Amino acid sequence: MKAVVQRVSSAQVAVHSELVGQIGRGIMVLLGVEKGDSEAAADWLAEKIVGLRIFEDEAGKMNRALTDIGGAVLAVSQFTLAGNCD
């Protein structure tokens, strides 16, 4: 399982010009799931992402997690992350 994580002020995903997901402030995750990945690994990764301290506090330091700011997650399937380029 591989993830690309990006802190966003807003994000959206559209399919054939139809909006299928959007969030305000939070985290966008491009997620590649591979054969053999377990539910336990998914749970661990989800907790890790939610706990990342990548949002600014009052002092301007990256010291707050998603749960601290009440942010959202937009997860987008990205199978190419699991690609083998050998």
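For the structure itself, look to the data block above.
Here's what I pulled together on the structure shown here. All residue numbers here refer to positions counted from 1 along the written sequence of the relevant chain. The predicted origin of the model limits local features to residues at a pLDDT of at least 70 and limits the giving and counting of side-chain atom pairs to 80 or more, whereas totals for whole chains, interfaces and linings rest on all residues. Only hydrogens and water are removed before side-chain values are computed, so all heavy atoms of the structure are retained for them.

### Quick notes on the overall build of the chain
Secondary structure is summarised from DSSP: a helix means a run of H or I of at least four residues, a strand means a run of E of at least two, and numbering begins at the N terminus for each. Of regular secondary structure, the chain possesses two helices and seven strands. Secondary structure elements of the chain, listed N to C terminal, follow the sequence β-β-β-β-α-β-β-α-β. Throughout this description, buried means an accessible area under 20% of the type-specific maximum (1.4 Å probe, protein chains only), exposed means over 50%, and partly exposed covers the range between. For the chain, with 86 residues in total, the buried portion stands at 20%. Contacts in the chain between residues far apart in sequence, at least 24 positions, make up 55% of those at least 6 positions apart. Taken as a whole, the chain presents about 6,100 Å² of accessible surface, with 50% of it coming from carbon and sulfur. Measuring between centres, the 8 positive side-chain charges of the chain sit 7 Å from its 11 negative side-chain charges. By definition, residues are in contact when any of their heavy atoms lie within 4.5 Å. Using a 1.4 Å probe, accessible areas were evaluated by the Shrake-Rupley method; residue-level cover was limited to the displayed protein chains. Residues counted as positive are Lys and Arg, residues counted as negative are Asp and Glu, and His and the chain ends are not counted. Charge placement uses NZ in Lys and CZ in Arg. For Asp and Glu, CG and CD serve respectively.

### Quick notes on the sheet that holds strand E7 (residues 72-77)
At least two DSSP bridges between two strands are required for those strands to pair. The three strands are arranged E1-E4-E7 in an open sheet whose pairing can be described as mixed. Since the sheet does not close on itself, it has two edges, and those belong to strand E1 (2-8) and E7, each with one partner. Taken pair by pair, the neighbouring strands of this sheet meet at an average axis angle of 20°, ignoring direction. Pairing of E1 with strand E4 (residues 26-32), which is carried by seven bridges, proceeds in the antiparallel orientation. Its bridge partner being in E4, valine 8 is matched across the sheet by glycine 26. The convention used is that axes are lines fitted to C-alpha atoms, helices contributing only their stretch in contact, and that angles between N-to-C directions extend from 0 to 180 degrees.

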